[in-house]
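Listed below, chain by chain, are the residues.
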Amino acid sequence: MKLNLIKTNKFKGYLKVWGAPISLLIFLFLFGALGYRFTEGWDWGDCLWMVLITITTIGFGEVEVLSSAGRVITFLIIGGGLFVVQLTLQRFIQLSELGYFIKLEELRLRRLIRRMKNHVIICGYGRTGKEIADKLKSEKISTLIIENNSTRKTEAEEKGFNVLLADATMDETLLLAGVKNCRSLVVTLPNDAANLYVVLSAKALNDSCRLIARAANEEAASKLKLAGADAVVSPYVAAGRTMAASALRPIAVDFIDLLAGSDCEIEEFKLIDDIDKIEFFRSQHETFFDFSKRGEALLLATKVSDQLMGNPKNKVSISPGMILIFLGSQEQLNRIRVRLLEVLVKKT
């Protein structure tokens, strides 16, 4: 009932906006056709065709030579056509000043967002947000940007991004951006307090969403982690570590850069914490899983209780809360998901 009411109100709005120009145009066609019918005696097809070429000023020749009365009708049609065109232009200008076309664009964006699934939300299109957005675009990942600065919004839209002009700290904004259906949310606002506020809101709205936040210092980073952020990055700390790694282990850094431009990805799978489901899964399948078989992704490391074990044996005994880190193509990673039946995998 509510949906029908919304559609009815929208139809009334369109009718109010375009009712006068359309009505005048229809009246002009009928008046002209009737005028030619009575003055020239043409059939209705010729009458309507004459009205059309007169209004549009196409310049085709007349159907037949006009009489004096027919020329008067033509003069009235031309005058009426100019009036309708002027009225239509005025309505366009009025609608533009009232923000009508902006509202139409907002409605289009909202419909698009409602269809988005498994996308990445970026809060803030500053220097950090731009780099993240460009990277996601190169990886062809569906991305939505939340920005409250109209200049930055325009800049992002010029690059082809979908941008929501709103305050990311508001719950209604996050819900509108599809926080309940996204794969991860990246918070890159310049203010640590605002970042903390967004993380708290997003965590309450979707506990399974992966949250990545920007922090200016260590104190802010610790608070963001307490608030529920899965990963906290300080641009200064990250830059320092990258530069140090380039100095000490340049090949490793080059390897990561090469991965960014290839079909291979490094992805982590976090198993659920429910020990009963783990034990039931073990009872239905083999206790140890050999990921080297069937041409699946390469198991790089496992992580249990903050203890990372690199280059583990191919046969792994799964446990509650374990994180498995794999290297492989999307097809290979998808086979890993299928093999674990996705019952045991917690979205990260």
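Digging into the packing of aromatic side chains
Here is step 1 of the chain: Using the criterion set out here, one finds 2 aromatic pairs in the structure.
Here is step 2 of the chain: Consider the rings of Tyr 36 and Trp 42, whose centres lie 5.4 Å apart with planes at 25 degrees: the pair is stacked. Take Tyr 36 and Trp 42: they sit in the same class, and that class is buried.
Here is step 3 of the chain: Lying across the ring of Phe 161, Lys 137 places its NZ or CZ 5.4 Å from the centre.

Re the nonpolar core
Here is step 1 of the chain: Within the largest apolar cluster, 30 residues are counted, with the highest numbers of intra-cluster contacts made by Ile 121, Cys 123, Leu 174, Leu 185, Val 187, Val 198 and Val 199.
Here is step 2 of the chain: Only α4 (100–115), β1 (120–123), β2 (143–147), β4 (184–187), α8 (192–205), β5 (210–214) and α9 (218–227) provide two or more residues apiece to this core.
Here is step 3 of the chain: Sequence-distant contacts of Val 187, that is, excluding residues within four places in its chain, are made with Cys 123, Asn 195, Val 198, Val 199, Ile 212, Ala 213 and Arg 214.
Here is step 4 of the chain: Core analysis: the second largest hydrophobic core is formed by 13 residues, Leu 271, Val 316, Ile 318 and Phe 326 among them.

What to know about the confidence of the model for the protein
Here is step 1 of the chain: Counting all residues, the mean pLDDT for the protein is 77, and 75% of those residues have values of 70 or more.
Here is step 2 of the chain: Per-residue pLDDT stays below 50 along residues 1–7; that stretch engages in 0 contacts with residues further than four places along the chain or on separate chains.

Side note on helix α5 (residues 127–138)
Here is step 1 of the chain: Over its 12 residues, α5 runs 17 Å from end to end, which matches the ideal 16 Å to within 8%, given 1.5 Å per residue.
Here is step 2 of the chain: Regarding α5, the residues found buried are Gly 129, Ala 133 and Leu 136. For α5, the angular spread of buried residues about the axis comes to 65 degrees, placing them on one side. Within α5, the exposed residues directed more than 90 degrees away from the buried face are Arg 127, Glu 131 and Ser 138.
Here is step 3 of the chain: Elements in contact with the buried residues of α5: β1 and β2.
Here is step 4 of the chain: Once α5 finishes, Lys 140 follows within two positions and takes phi at roughly 60 degrees, a positive value.

Let's talk about the packing of α8 against α9
Here is step 1 of the chain: Running from N to C, α8 and α9 cross one another at 10 degrees; their axes reach a closest spacing of 9 Å. The angle between α8 and α9 falls in the class roughly parallel. In the packing of α8 onto α9, the handedness of the crossing is right-handed. The segment α8 lies against α9, with Asp 192, Asn 195, Leu 196, Val 199, Leu 200 and Lys 203 engaging Ala 220, Lys 223, Leu 224 and Ala 227.
Here is step 2 of the chain: Grouping the amino acids of the contact of α8 with α9 by side-chain chemistry returns 6 nonpolar, 1 polar and 3 charged.

Here we look at the pairing of strand β10 (residues 307–310)
Here is step 1 of the chain: Sheet topology note: the strand β9 (residues 298–304)/β10 ladder contains 4 bridges and is antiparallel. Residue pairing in the sheet places Ala 301 in a bridge with Gly 310 of β10.
Here is step 2 of the chain: Counting the residues between successive antiparallel strands, the hairpin from β9 to β10 contains 2 residues, one of them, Ser 305, with a positive phi of roughly 55 degrees.

Brief notes about unusual backbone geometry
Here is step 1 of the chain: Phi at Asn 118 is positive, roughly 55 degrees, even though this residue is not glycine.
Here is step 2 of the chain: With respect to the element layout, Asn 118 can be found in the loop between α4 and β1.

Each value, and the rule that gives it
- Residues numbered from 1 in each chain as written.
- Predicted model: local features only at pLDDT ≥ 70, side-chain atom pairs only at ≥ 80, totals over all residues.
- Heavy atoms only, no water.
- Phe/Tyr/Trp six-rings, centres within 6.5 Å; stacked < 30°, edge-to-face > 60°.
- Buried < 20%, exposed > 50% of the residue type's maximum accessible area, 1.4 Å probe, protein only.
- Lys NZ or Arg CZ within 6 Å of the ring centre and 35° of its normal.
- Core = buried A, V, L, I, M, F, W, Y, C linked by side-chain atoms within 4.5 Å.
- Helix = DSSP H or I, 4+ residues; strand = E, 2+ residues; numbered from the N terminus.
- Contact = heavy atoms within 4.5 Å.
- pLDDT = per-residue confidence, 0-100.
- Expected span 1.5 Å × (residues − 1).
- Arc of directions from axis to C-beta.
- Axes fitted to C-alpha atoms, helices over the stretch in contact; angles between N-to-C directions.
- Parallel < 35°, antiparallel > 145°, perpendicular 65-115°, else oblique.
- Left-handed = near helix turned anticlockwise from the far one by under 90°.
- Nonpolar A, V, L, I, M, F, W, Y, C, P; charged D, E, K, R; others polar.
- Pairing = 2+ DSSP bridges.

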